[in-house]
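Listed here are the chains, written in short residue letters.
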Amino acid sequence: MSRKVVIVDDVSIKFLLKKERQFSKKKITNLFSRNNKSDDEFWAVRNVSFDVEKGDRLGILGLNGAGKSTILKMIAGVMKPTLGSVKTKGRIVPLIELGAGFNSRYTGRENIYLRGAVLGYPKEFIEKKFDKIVEFSELKKFIDVPLEKYSSGMKSKLGFAISTMVEPDILILDEVLSVGDAKFKKKSFARMMELIENERTTVLFVSHSLGQVRKLCNKAVWMEKGKVKMVGESKEVCDAYANYTASSGKRKERRAKVQNSGKIS
Ligand SMILES: Nc1ncnc2c1ncn2[C@@H]1O[C@H](COP(=O)(O)OP(=O)(O)OP(=O)(O)O)[C@@H](O)[C@H]1O
């Protein structure tokens, strides 16, 4: 695998979109037929390939529903591709869904150990990191309170603190730099820069903020409707994506003007 720590090779994933069953005569006939295909198949990601090298910071860009989070989930091993393969090297720490990997009945303290164990870190390692995690999360006062009493912002802070303080080989972040208050956002960004500068951590990062991708990432993938539209140097991909979103914004504006010009005010 050389310096490559993530290889996404011709990956596709299919979901079945469950539909509400209405017991019409046709549906009942379908239920009894052998070829009952009343659920629609939906390919959320199709034939996606890219590599990530050690120390890379890869930004994943794209409009809503483009398949960005699904790709991250397949790399994190949370979802299995229907076709193709994902290979990874090193310990992966995913921070994908708010509260994922936490048990809401346990306290903040217990959840730090729980999450550490789930990620495969020994108890002694988490003990060493514990104070730093609590300090970064700004949750000292609440650390022995069950998580069900935490706000969503508090849970995000704890999740971010754990994920970035354990110094993962591969850190996977989905939109997490947009959580918390302004002060915490600034601190999170600085922590990301620290991780990036030591080049031991490879970062895969989904964001709707082109500014963040430009600052943090050296490579980028632009996804569109489940496929890779462009992959390469972050600057080039960000420029192309910015042009695309600006021109599609202008097209929408023009369409709205044409539609409105026919309206009676
Ligand atoms: N478990 C699932 N079952 C069915 N469809 C799914 C499932 N997970 C994702 N999808 C669909 O797959 C597509 C891609 O979703 P995904 O969350 O990866 O997009 P995204 O690019 O991360 O979007 P956003 O920017 O809005 O978060 C969407 O159309 C979504 O509805």
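It should be emphasised that the depicted structure is a prediction, and the values quoted were computed from it without experimental measurement.

(A) Quick peek at the sheet that holds strand β3 (residues 57–61). Here we have six strands laid out as an open sheet, ordered β5-β6-β7-β3-β8-β9, and mixed in their pairing. Where the open sheet ends on each side, the last strands, each with one partner, are β5 (92–95) and β9 (227–233). Sheet twist, expressed as the average angle between the axes of neighbouring strands with direction ignored, equals 15 degrees. As paired elements, strand β6 (residues 170–174) and strand β7 (residues 202–206) share five bridges and run parallel to each other. Bridge pairing in β7 places Ile172 opposite Leu204. Packed on one face of the sheet, helix α5 (residues 152–165) meets β5 and β6 and runs near 165 degrees to β5.

(B) Representation of the nonpolar core. One finds Ile75, Ile172, Leu204 and Phe205 to be the most contacted residues of the largest nonpolar core, which totals 55 residues. Not counting residues within four places of it along the chain, the set of residues in contact with Ile172 comprises Leu72, Ile75, Ala76, Ile92, Pro94, Leu95, Ile96 and Leu204.

(C) Geometry of the site of the ligand. Within the structure, the ligand sits among Phe15, Leu17, Phe42, Ala44, Gly62, Asn64, Gly65, Ala66, Gly67, Lys68, Ser69 and Thr70. Those elements that place two or more of their residues in the shell around the ligand are β1 (4–17), β2 (40–53) and α2 (68–76). Per-element accounting of the shell around the ligand gives the leading share, three residues, to α2.

(D) Unusual backbone geometry, seen in detail. Here the phi dihedral of Glu138 falls at roughly 60 degrees; this positive angle occurs in a residue that is not glycine. Tracing the backbone through its elements, the reader meets Glu138 in the loop between α4 (123–137) and α5. Phi at Lys225 takes a positive value of approximately 45 degrees, unusual for a residue other than glycine. Along the chain, Lys225 turns up in the loop between β8 (219–224) and β9.

(E) Spatial organisation of the packing of helix α3 (residues 108–118) against α4. Interhelical geometry of α3 versus α4 gives an angle of 135 degrees and a closest axis separation of 10 Å. Judged by the angle between their axes, α3 and α4 are oblique. In this structure, the crossing between α3 and α4 has a hand that is right-handed. The residues of α4 that touch α3, namely those facing Ile112, Tyr113 and Gly116, are Lys123, Ile126, Phe130 and Ile133. Along the lines of polarity and charge, the residues of the contact of α3 with α4 split into five nonpolar, one polar and one charged.

(F) α5, seen in detail. Taking 1.5 Å per residue, 14 residues should reach 20 Å; α5 reaches 20 Å between its end C-alpha atoms and fits that length. Across the 14 residues that make up α5, a large majority, eleven, are buried. Within the span of α5, buried status applies to Lys155, Ser156, Lys157, Leu158, Gly159, Phe160, Ala161, Ile162, Ser163, Thr164 and Met165. Tucked into the core, α5 has its buried residues touching β5, α3, α4, β6 and α6 (182–198). Of the residues trailing α5, Glu167 is marked for its positive phi of about 50 degrees.

(G) Spatial organisation of the pairing of β9. Strand direction decides the pairing type here: β8 and β9, joined by six bridges, are antiparallel. Across the sheet, Ala220 pairs through a bridge with Gly232, a residue of β9. Linking two consecutive strands that pair antiparallel, namely β8 and β9, is a turn of two residues; a positive phi of about 45 degrees is found at Lys225 within it.

(H) Focus on the environment of Val206. Here Val206 is to be found in strand β7. Through-space distance from the C-alpha of Val206 to that of Ser49 is 17 Å; in sequence the pair is 157 residues apart. Not counting the four nearest positions on each side in its chain, Val206 is found in contact with Ile60, Lys68, Ser69, Leu72, Asp174 and Glu175.

(I) Geometry of the pairing of β6. Burial analysis of β6 places five of its five residues in the buried class, which makes it a mostly covered element. Side chains Ile170, Ile172 and Asp174 project from β6 onto one buried face, and the interleaved Leu171 and Leu173 project onto a second face that is buried too. Bridge analysis of β5 against β6 gives four bridges, and the strand direction is parallel. Bridge pairing in β6 links Leu95 to Leu173.

The rules behind the values
- Residues numbered from 1 in each chain as written.
- Predicted model: local features only at pLDDT ≥ 70, side-chain atom pairs only at ≥ 80, totals over all residues.
- Pairing = 2+ DSSP bridges.
- Helix = DSSP H or I, 4+ residues; strand = E, 2+ residues; numbered from the N terminus.
- Axes fitted to C-alpha atoms, helices over the stretch in contact; angles between N-to-C directions.
- Contact = placed C-beta atoms within 7 Å.
- Core = buried A, V, L, I, M, F, W, Y, C linked by C-beta atoms within 7 Å.
- Buried ≥ 20, exposed ≤ 12 C-beta atoms within 10 Å, placed from the backbone.
- Near = placed C-beta within 6 Å.
- Parallel < 35°, antiparallel > 145°, perpendicular 65-115°, else oblique.
- Left-handed = near helix turned anticlockwise from the far one by under 90°.
- Nonpolar A, V, L, I, M, F, W, Y, C, P; charged D, E, K, R; others polar.
- Expected span 1.5 Å × (residues − 1).

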